[in-house]
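Each chain is listed here by its residues.
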Amino acid sequence: MNSKIRDENTDKLFEAILILTDVDECYKFFEDLCTISEIKALAQRLEVAKMLKNGITYTEIAEKTGASTATISRVNRCLNYGADGYRMIIERLEKEG
């Protein structure tokens with residue numbers, strides 16, 4: 001966990017996210033909280049992470065997602081050296097599959 005982002009306000013944000021009960025509630029909350037571009041960027045990063053985990057090349061990921069190589073590289077760095085958040089979520093999504 002990155003202590004640089006942890007504070008009372010961030011804890012409250014994450015607690016709010018945890019009490020959302022379904023996808024429709026997530027849409028309502030995130031549409032108020034973020035811009036459409038921010039939501040799309042988050043969704044794109046998760047898709048990039050899934051593709052990287054499956055061994056897809058940067059070029060193919062860029063073509064399929066529209067992500068820049070800088071974004072792909074950043075996500076890859078998080079997969080390899082980050083807090084394992086992407087891996088945790090991808091594994092859970094695969095189990096729900």
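Residues numbered from 1 in each chain as written. Predicted model: local features only at pLDDT ≥ 70, side-chain atom pairs only at ≥ 80, totals over all residues. Heavy atoms only, no water.

Asker: Account for helix α3 (residues 36–53), with residues named and values stated.
Answerer: Taking 1.5 Å of rise per residue, 18 residues should cover 26 Å, and α3 covers 26 Å from first to last C-alpha, within 8% of that figure. Where α3 is concerned, the buried positions are Val48, Ala49, Met51 and Leu52. Seen from one end, α3 has its buried residues packed into an arc of 165°, which puts them on one side. Counted as exposed and oriented over 90 degrees from the buried face of α3: Ile36 and Lys40. (Helix = DSSP H or I, 4+ residues; strand = E, 2+ residues; numbered from the N terminus. Expected span 1.5 Å × (residues − 1). Buried < 20%, exposed > 50% of the residue type's maximum accessible area, 1.4 Å probe, protein only. Arc of directions from axis to C-beta.)

Asker: So what's going on with the nonpolar core? Residues and values would help.
Answerer: If you look at the biggest cluster of nonpolar residues, it comprises 11 residues: Val48, Ala49, Met51, Leu52, Ile61, Ala67, Ile72, Val75, Leu79, Tyr86 and Ile90. Sorting the residues of this core by element identifies α3, α5 (69–81) and α6 (85–96) as the ones contributing at least two each. Of the residues forming this core, the biggest block, 4 residues, is contributed by α3. Sequence-distant contacts of Val75, defined by excluding residues within four places in its chain, comprise Arg45, Val48, Ala49, Leu52 and Tyr86. (Core = buried A, V, L, I, M, F, W, Y, C linked by side-chain atoms within 4.5 Å. Contact = heavy atoms within 4.5 Å.)

Asker: With reference to specific residues and values, describe α5.
Answerer: Count 3.6 residues to each turn of an α-helix, and residues three or four apart come out pointing the same way. Compared with the 18 Å implied by 1.5 Å per residue over 13 residues, the 18 Å span of α5 between its first and last C-alpha is a close match. Those residues of α5 that sit buried are Ile72, Val75 and Leu79. Along the axis of α5, the buried positions cluster into a sector of 65°, meaning they face one direction only. Of the residues in α5, the exposed ones pointing more than 90 degrees away from the buried face are Ala70 and Tyr81. Here the buried face of α5 lies against α3, α4 (58–65) and α6.

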